[in-house]
Amino acid sequence: MGGSCSLGIPSGKGPNNVGCTDLMVGHTIQGTFLRLYYPCETSASPERPPWIPKKEYFNGLADFLKISRSLGDRIFSYLYGSYTVPAEWNAPFKPGNKYPLIIFSHGLGAFRSLYSAVCIEIASQGFIVAAVEHRDESASATFYYKDQSTEQQHQVSSTPEHLQEEWLYYRTLKPGEPEFPLRNQQVQQRANECIGALNLLTAINAGQSVNNVLNLHFDWSKLRDSMDLCRTAIMGHSFGGATVIQSLCRETKFKCGVALDSWMLPLDDEVYARVTQPILFINSEKFQWLANIMKMKMLDANTIQRKMITIKGTVHQSFPDFTFLTGTLIGKIFKLKGEIDPNIAIDLCNKASLAFLQRHLEIHNNFNQWDPLIDGMDANLIPGTNIHLPSANTE
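Structural notes, computed from the coordinates. (Residues numbered from 1 in each chain as written. Predicted model: local features only at pLDDT ≥ 70, side-chain atom pairs only at ≥ 80, totals over all residues. Heavy atoms only, no water.)

Notes on a nonpolar patch on the surface
The cut-off we apply is this: Like-charged residues are merged into a patch within 9 Å and nonpolar side chains (Val, Leu, Ile, Met, Phe, Trp, Tyr) within 5 Å, provided each residue has over 30% relative accessible area and no salt bridge. A 1.4 Å probe and the Shrake-Rupley method give the accessible areas. Residues count as covered only by the protein chains that appear here. The salt bridge criterion pairs a side-chain nitrogen of Lys or Arg with a carboxyl oxygen of Asp or Glu, the two atoms within 4 Å. Helix and strand definitions here come from DSSP, where helices need a minimum of 4 consecutive H or I residues and strands a minimum of 2 consecutive E residues; each element is numbered from the N-terminal end.
A cluster of nonpolar residues, Leu-65, Ile-67, Leu-71 and Ile-75, forms a patch on the protein surface that exposes about 290 Å² of accessible area. As for its position among the elements, Ile-67 is in the loop between helix 1 (56-65) and helix 2 (69-80).

This is the structure in structure tokens:
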């Protein structure tokens, strides 16, 4: 049902096995919801989680694509319903090291599990990666819980049996509604949610107990003193790329950012001058346009490293997992695949990201072997952009 056996999300190439689990702290819409990828111990009977966590996400994808939910459910269930994520679900955390921390922000119409190829590879190389699921109505779907207890019961506590799942779906623009006010409001909330995830993981690292509303069997106490919070960065794709910039502006604990094929429209112009951290822009060849690139160029600085590379033959959807799970014909029709082998493209993306993270988080590893990629030095890379700029300098 999931398609050809040659399709699948690539496993991590690093020295660590990767586990993943979900964490929801605070059952309301104001709570924090994320998927954590982490170096793990090999469990006796490893279980892989489904790529699409619940069937309601199919409804959200259908809404986002403006097709009927019944049709969307049939299509997405057939194409993607049997795929799993190449990580061990709720596997024991691997102690002994202090791992750098990455917060990851998804794109418009996506959700927490759709970038597992990127997150798993980074985690396999010795990072903890927290993929936030945003509740700003930019995700195709997400959920939280409403308390159904009586007022008297509520005064005691909110127990799991009194919580009812509540779904929040993608909000489309209303006819005639200008886009910037909505997107700017959303990017502010997204930055708040990324900073909230960082604060939550900081508390867990300090040994504070955590009440996971999802009631999964994972020992969060093992993460005490496991994170090197002096080495924290933020990554994101598309709307998540704009979220990277907004979060860097708001929180200097993020030491650098990696923005994948960023969509810059949501950002206020005043943000650019207030970002003080290094940024790596990794763009696709087919998505970008002059006005968007010029927004990125507003972040150019003489004293802060701001780098941009473009991966040849890629499309906007070369970064999420769909590109690995869709056959060539459907992939080309729906622009889920570019001309380049998706495994080569994501490999370049991950290696350049790791080299940049090592450089600016001062990590002692061998990721600097990929330093030339940061400057676009590869047959499948373009230094800077493929878009013709008004000035001679494209980097």
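Points about the environment of Leu-36
Here is the rule we go by: For this analysis, residues touch if any pair of their heavy atoms sits within 4.5 Å.
For Leu-36, the position within the fold is in strand 2 (residues 32-39). For Leu-36 and Val-315, which are 279 residues apart along the polypeptide, the C-alpha to C-alpha distance reads 27 Å. Dropping the residues within four chain positions of it, Leu-36 is found in contact with Gly-19, Cys-20, Thr-21, Ile-128, Val-129, Ala-130, Leu-201, Trp-220 and Leu-223.

Regarding the pattern of salt bridges
The condition that has to hold: Only protein chains enter the accessibility calculation, which uses a 1.4 Å probe; a residue whose area is less than 20% of its type maximum is buried, one above 50% is exposed, and one in between is partly exposed.
Counting across every chain of the model gives 18 salt bridges. Arg-35 is the partner of Asp-22 in a salt bridge, and the nearest nitrogen-oxygen pair spans 2.8 Å. Here Asp-22, found in strand 1 (residues 18-25), pairs with Arg-35, found in strand 2; they are 13 residues apart in sequence, far enough to count as distant. Each member of the pair, Asp-22 together with Arg-35, is buried. The residue Lys-297 makes a salt bridge to Asp-300 at a minimum N-O spacing of 3.1 Å. Residue Lys-297 is classed as buried on the basis of its relative accessible area, which comes to 14%. If you follow the salt bridges from partner to partner, you end up with Asp-22, Arg-35, Arg-112 and Glu-133 in one network.

Looking at the environment of Pro-86
With respect to the helices and strands, Pro-86 occurs in the loop between helix 2 and strand 3 (88-89). Since its relative accessible area comes to 9%, Pro-86 is described here as buried. On a C-alpha basis, the gap between Pro-86 and Gly-19 in space is 8.8 Å, while along the polypeptide they are 67 residues apart. Excluding residues that lie within four positions of it along the chain, Pro-86 makes contacts with Ile-9, Pro-10, Ser-11, Arg-48 and Ile-120.

Points about the packing of helix 3 (residues 116-124) against helix 10 (residues 342-361)
Relative orientation and spacing of two packed helices are given, respectively, by the angle between their axes and the distance between those axes. The condition is simple: Only the stretch in contact is used when fitting a helix axis, every axis being a line fitted to C-alpha atoms; angles between N-to-C directions are given from 0 to 180 degrees. With respect to orientation, any angle under 35 degrees is reported as roughly parallel, any angle over 145 as roughly antiparallel, any angle of 65 to 115 as roughly perpendicular, and every other angle as oblique. Here a crossing is called left-handed whenever its near helix is offset anticlockwise from the far helix by less than a right angle, and right-handed whenever the offset is clockwise.
With their axes 10 Å apart at the nearest point, helix 3 and helix 10 run at an angle of 45 degrees to one another. What the angle tells us is that helix 3 and helix 10 run oblique. Viewed along their axes, helix 3 and helix 10 form a crossing whose handedness is right-handed. Between helix 3 and helix 10, the contacting residues are Ala-117, Val-118, Glu-121 and Ile-122 on the first element and Ile-346, Asn-350 and Leu-354 on the second.

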